[in-house]
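One-letter residues, chain by chain:
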Amino acid sequence: MGFSSVDTIWVLLGAVLVFFMQAGFTMVEVGFTRNKNTGNLVMKNIMDFAIGSLVFWCVGFGLMFAEGNRFIGGFDPFVRGDYGGSYPSNAFLIFQTVFCATAATIISGAMAERTKFQAYCLYSLVMSVIVYPVSGHWIWGGGWLADLGFHDFAGSTAVHTVGGVAALVGAWVIGPRIGKYDEKGKSAAIPGQSLALGALGVFILWFAWFGFNGCSTLSATGDERLASVATILVTTNLSAAAGAVGMMCLTWFRYGRSDVSMTLNGALGGLVAITAGCDAVSPSGAATIGALSAVFLMFGIEFVDKTLKIDDPVGAFGVHGVCGALGTVLVGLFALDGGLFYGGGVGMLAVQVFGVVAVAAWVGVAMFVVYFLIDKAVGLRVSPAEEIAGLDVAEHDIPAGSYPGFVSGRFTSVYKKKAVAAAEPSSAADDETPFVRPVSMKSGQKLTKIEIITRPEKFAELKAALHEIGITGMTVAKVMGCGMQNGSHDYYRGVKIASNLLPKIALEIVVSKVPVEAVVERAKKVLYTGRIGDGKIFVSDVEDVVKVRTGEHGYDALQYPAT
């Protein structure tokens, strides 16, 4: 019997789409963490796929799918057996390889910003060669859970709960990031570097999930199978949409405004939750599952962060562990064939619950042993100095200035520092002594420096206004800052941010013949909105200016030759 061209292409298409999820996970993790660890996370996401591909091919695939017993598969090194059907064995191999990589890469987000790269490579290897294949065999390889009738169509438990539990145990064993909890155990918000990157990652994952779930049919031949594929894509999308909308509403209600990062997690939670039953539930059931996943996800993330005090920067356990387990259990309620709500009794529900608990127990115990042994052998965590400097520098020798467009230098509360200095009372002697503005030692012209700190969106208008009064030279820097009000109280992933540093620009000019008052008044006119955050203008005297090229001083040093 020959292969089906349609089925083969369908399976290979699924493999390509699921592989693309690696890019999505990378973007989410990079976006939700700080830029000093960007290269480290990129390397981890590349290497868990590369290492996992090799060891899964060598050993893991056989332990998952080769003929063995009810608890573990056989030993088939380099996949020499026949595992195909209407498609070649190698099509099935690459399809299962990318699923294995998905489970392994979930861990990196939960343990981000403090894990040794060497340790990460080691536990990714063990995850791909033994931990994931064993529980995968129980569910998809003809193991004991499959015999019980456990239903996990595309991997809510087989992939996501496995990765989520491994992530939770790892984050617990390695401990929180420096500064995450104060001396009283109160959680502190550590905002990520880019919500745009996080959103890009979520859109990539949402797109690729259509392959993750849809192509798990392993066939696109026949009217019945085609109808099933169409239903799977609809249920997948509805659950993700309901998860996103549900989380937006929940955060709006709890925090007074919708939380962007949590809403992104809500979409992912809906995708994870529907993965087990996308082939078995109705569209309305899928939307309900997505909405429920948002509720469990929110409180799951808060419980892990605030009660267990386990630092999970990207919410990996909440998204994959909590929503994966929830979605698998809800199949026992919402499945059209056998679900409790459709007259099937409690039998299917009991099997679903038992299967989730069994898999979570296996992964939790196995990965705890793995982390413990790796910690004793090479150490799991980097030193405090390396963590503070960033793993890009410490682990990969990436220069600190390798991220143009991100603020890595002047990240300070410039408003507060300068405002406090300006508010310090002067001494009596100062009050009695007339203040004389200095002039340039060489040219005799008085020089004044004006620094304006304001919103970035005002720069173009301010620059044009200053040009009109003869100011053509200026220095501009991107900074972060807050004033005496310490910024407004915002929330990041449900944690209040006490002092919110906001993006600003710092514009510096030195004037001599242009009146200081004219510059100040023009700047005030342009920048004023009446709202907090309009900015500050600082005026100070300059002793001298020296032009390096010509050696000119004072006023002459500020001039440019006529062209």
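Basis of the calculations
- Residues numbered from 1 in each chain as written.
- Predicted model: local features only at pLDDT ≥ 70, side-chain atom pairs only at ≥ 80, totals over all residues.
- Heavy atoms only, no water.
- Helix = DSSP H or I, 4+ residues; strand = E, 2+ residues; numbered from the N terminus.
- Buried < 20%, exposed > 50% of the residue type's maximum accessible area, 1.4 Å probe, protein only.
- Patch = residues over 30% accessible without salt bridge, like charges linked within 9 Å, V, L, I, M, F, W, Y side chains within 5 Å.
- Areas by Shrake-Rupley, 256 points an atom, 1.4 Å probe, with all protein chains shown as cover.
- Salt bridge = Lys/Arg side-chain N within 4 Å of Asp/Glu carboxyl O.
- Expected span 1.5 Å × (residues − 1).
- Bend = angle between axes of the 7 residues up to and from the residue.
- Polar contact = N/O pair within 3.5 Å; in protein donor to acceptor, adjacent residues only side chain to side chain.
- Contact = heavy atoms within 4.5 Å.
- Arc of directions from axis to C-beta.
- Core = buried A, V, L, I, M, F, W, Y, C linked by side-chain atoms within 4.5 Å.
- Pairing = 2+ DSSP bridges.
- Axes fitted to C-alpha atoms, helices over the stretch in contact; angles between N-to-C directions.

A.B. asks: Help me understand unusual backbone geometry, please; the structure alone is not making it clear to me.
C.D. replies: Among all residues except glycine, the phi angle is most often negative; among peptide bonds, the trans geometry is most common. Even without glycine at this site, V79 takes up a positive phi of about 50°. As for its position among the elements, V79 is in the loop between α2 (38-65) and α3 (89-110). Residue V79 is classed as buried on the basis of its relative accessible area, which comes to 12%. For K309, which is not a glycine, the phi torsion comes out positive at approximately 55°. Positionally, K309 belongs in the loop between α10 (283-307) and α11 (316-334).

A.B. asks: Explain a nonpolar patch on the surface to me, please; I cannot follow it from the model alone.
C.D. replies: Taken together, W172, V365, F368, V369, F372 and L373 make up a surface patch of nonpolar side chains, about 610 Å² in accessible area. Here the element with the most residues in the nonpolar patch is helix α12 (residues 347-377); it accounts for 5 residues. Position of W172 relative to the elements: it lies in helix α6 (residues 156-174). The exposure class assigned to W172 is exposed, which follows from its relative accessible area of 53%.

A.B. asks: Would you mind showing me how to read α11 here?
C.D. replies: Side chains three or four residues apart in an α-helix point the same way, a direct result of the helix having 3.6 residues per turn. Between its first and last C-alpha, α11 extends 25 Å over 19 residues, near the 27 Å set by a 1.5 Å rise per residue. The largest bend in α11 comes to about 25°, at C323. With respect to burial, α11 is a largely interior element, 18 of its 19 residues being buried.

A.B. asks: What is the right way to read the side chain of T115 from this model?
C.D. replies: With respect to the helices and strands, T115 occurs in the loop between α3 and α4 (117-140). There is a polar contact of 2.6 Å between the side chain of T115 and the backbone oxygen of M111. With residues near it in sequence (within four places) discarded, T115 still touches K44, Y120, Y123, I174, L380, V382, L391 and E395.

A.B. asks: Sorry if this is basic, but what is going on with helix α18 (residues 516-527) here?
C.D. replies: Its 12 residues give α18 an end-to-end C-alpha distance of 17 Å, which sits within 8% of 16 Å, the value for a rise of 1.5 Å per residue. Looking at α18, one finds that the buried residues are V516, V519, V520, A523, V526 and L527. Down the axis of α18, the sector holding all buried residues measures 135°, keeping them to one side. α18 presents E517 and K525 as exposed residues on the side facing more than 90 degrees away from its buried surface. As for α18, its buried residues are in contact with β1 (447-454), α17 (459-468), β5 (502-511) and β6 (536-542).

A.B. asks: What exactly am I supposed to notice about the nonpolar core here?
C.D. replies: Proteins that are soluble and globular tend to have nonpolar side chains buried together. In this structure, Y123, M127, Y132, M367 and Y371 are the most contacted members of the largest nonpolar core, which totals 109 residues. No other element matches α3, which puts 13 residues into this core. Here M127 is in contact with A103, A104, I107, Y132, P133, V162, G163, A166 and M367, once residues within four sequence places are set aside. If you look at the next biggest cluster of nonpolar residues, it comprises 15 residues, including I471, L507, V516 and V520.

A.B. asks: Looking at this model, I keep getting lost on the sheet that holds β5. Mind explaining?
C.D. replies: Think of a sheet as strands paired side by side through backbone hydrogen bonds, with each pair either parallel or antiparallel. A sheet is described by the order of its strands in space; here 4 strands give the open sequence β2-β5-β1-β6, paired in antiparallel fashion. Two strands in the sheet have a free side with no partner beyond their single neighbour: β2 (475-481) and β6. Adjacent strand axes in the sheet meet at a mean angle of 25°, parallel and antiparallel pairs treated alike. Relative to β5, β1 runs antiparallel, the two being bridged by 7 bridges. From the neighbouring strand, K449 faces β5, where its bridge partner is V510. Along the sheet, α18 makes contact with β1, β5 and β6, crossing β1 at roughly 10°.

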